[in-house]
Amino acid sequence: MNKDVLVRTARAMVAPGKGILAADESAGTIAKRFAAIGVDSTQATRRDYRQLLFRAEEAINRYISGVILFDETIRQTASDGTPLVKYIEAAGAIPGIKVDLGAKPLANFPGETITEGLDGLLERLNDYRRLGARFAKWRAVISVDSDRGIPTDFAIETNAQALARYAALCQNADLVPIVEPEVLMDGEHDLERCGEVTECVLKTVFMRLYEARIFLEGMLLKPNMVVAGKKYPKRASPEEVALSTVRALKNCVPAAIPGVAFLSGGQSDIEATANLDAINRLGGPWALTFSYGRALQTAALNTWSGMPSNVLDAQAAFTHRAHMNALAAQGQWTEMEERVAP
Ligand code: 13P
């Protein structure tokens, strides 16, 4: 394990005013996103769309520190034959890779999942490092459904153990692990319940990371924000979300980790930006930034709609969202900035 490399990479990924683009949708997920805009998911359309993002040079260079890729993408070349990874590096961002193999049903625990992908992981990590990855991501998924007694301690525990084993292997391959325990927004629970579950999950995860001897200065956390379930009738204000989120993090997350990069988890674009901004106005001992998939991409995806003639407009839409979130990562976002159309 090269601790200097891990620390340098982790810090660069949460550099002030920058955040991470999650472009690591699995084949199934990207097909769903494309279906919503009437585009077939083929190797070529996936390549076209992702090269649109990675070649939005201003966005990547000024606002994006790292890009999370899917297995297919890290091996793919742009239409001009340049590996897509090279575009990311040329714009000054760090390529990373999703290495989990997805959340699968947890046997005997209906409604809960365990994330798979530990078998042979060290070999895959070494392979990804050769392909240019400098960090990795593993997403554990925790559902909330109080009527069914979900989440169970067993689901939290077994996912936390998998995250710890993944993180240890990453650091041994000199890749910075992004540890992502996502408490889902689906459901009817209120803000308080999300806070309770999030704290329980984070405490368990950091216990297991400690037992697995994880080098905290060389990892990043990618948590959910503390928000009410989508079916809960009242949306909390950004200030309420920020208070609950920062409280949960301060109760559970060691100050030694260099940064926290939130997922957007189904929040609207503006909600994800406003909440990140409010979180940064409170602040904490860590860098607090974004590692968004949908909240960075939805506007660009809709603008593109599979048409080559829309590429420039789609890149402008992506650049605008990246800019807004970069401001939010410094607590400097305003609605006025938001209204400056791309
Ligand atoms: P969302 O921001 O769309 O939740 O995606 C982030 C991510 O990487 C989920 O694993």
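The preceding data block contains the structure.
Each chain has its residues counted from 1, running along the sequence as written. Thresholds applied to this predicted model are a pLDDT of at least 70 for local features of residues and 80 or more for the giving and counting of side-chain atom pairs; totals over whole chains, interfaces and linings are not thresholded and use all residues. The basis for the side-chain values is all heavy atoms of the structure; hydrogens and waters are excluded.

Peer 1: Just to check I follow, could you spell out the overall build of the protein for this structure?
Peer 2: Each helix is a run of H or I in the DSSP string that is no shorter than four residues. Each strand is a run of E no shorter than two, and both are numbered from the N terminus. The number of helices and strands found in the protein is 14 helices and 10 strands. In terms of overall size, the protein behaves like a compact globule, its C-alpha atoms giving a radius of gyration of 19 Å where 342 residues would be expected to give roughly 20 Å. The principal-axis extent of the C-alpha atoms belonging to the protein is close to 50 × 45 × 40 Å. Relative accessibility under 20% of the residue-type maximum defines a buried residue, over 50% an exposed one, and the middle range a partly exposed one, all with a 1.4 Å probe and only protein chains included. Per-residue burial for the protein yields a buried fraction of 56% across its 342 residues. In these tables, accessible area is a Shrake-Rupley quantity obtained with a 1.4 Å probe, and a residue counts as shielded only by the protein chains included in the view. Here the protein displays about 14,200 Å² of accessible surface, and carbon together with sulfur accounts for 51% of that area. Think of it this way: Lys and Arg go in the positive column, Asp and Glu in the negative one, and His and the chain ends go nowhere. Working definition for charges: the position is that of NZ of Lys, CZ of Arg, CG of Asp or CD of Glu. Distance between charge centres in the protein, computed from 38 positive and 41 negative side chains, equals 3 Å. For a compact globule the rule gives 2.2 Å times the number of residues to the power 0.38, and the radius of gyration it is set against comes from C-alpha atoms.

Peer 1: Sorry if this is basic, but what is going on with the side chain of Asn159 here?
Peer 2: As for its position among the elements, Asn159 is in helix α8 (residues 153-172). Look at Asn159 and you get buried, because its relative accessible area is 1%. Here Thr113 takes part through its backbone oxygen, which lies 2.8 Å from a polar atom of the side chain of Asn159. If we ignore the near neighbours within four places in the chain, the residues touching Asn159 are Thr113, Ile114, Thr115, Ala140, Val141 and Ile142. By the criterion applied in these results, polar contacts are pairs of N or O atoms within 3.5 Å in which, for protein atoms, one can donate a hydrogen and the other can accept it, and in which residues neighboring in sequence qualify only through two side-chain atoms. The contact rule is simple, with two residues in contact once any of their heavy atoms fall within 4.5 Å.

Peer 1: Quick question: what am I supposed to make of the packing of aromatic side chains here?
Peer 2: In this description, a pair of aromatic rings is defined by centroid distance and the angle of the planes. Each aromatic pair joins two rings of Phe, Tyr and Trp (for Trp, the six-membered one) with centres within 6.5 Å, and gets the label stacked for planes under 30 degrees apart, edge-to-face for over 60, and tilted for any other angle. Evaluated as defined, the whole model comprises 6 aromatic pairs. Centre to centre, the rings of Phe34 and Trp304 are 5.6 Å apart; their planes meet at 55°, and the pair counts as tilted. Separated by 270 residues along the polypeptide, Phe34 in helix α2 (residues 27-36) and Trp304 in helix α12 (residues 294-304) bring together distant segments of the chain. The same class applies to Phe34 and to Trp304, which are both buried. When the ring of Phe290 is compared with that of Tyr292, the centres are 5.7 Å apart and the planes differ by 40°; the resulting orientation is tilted.

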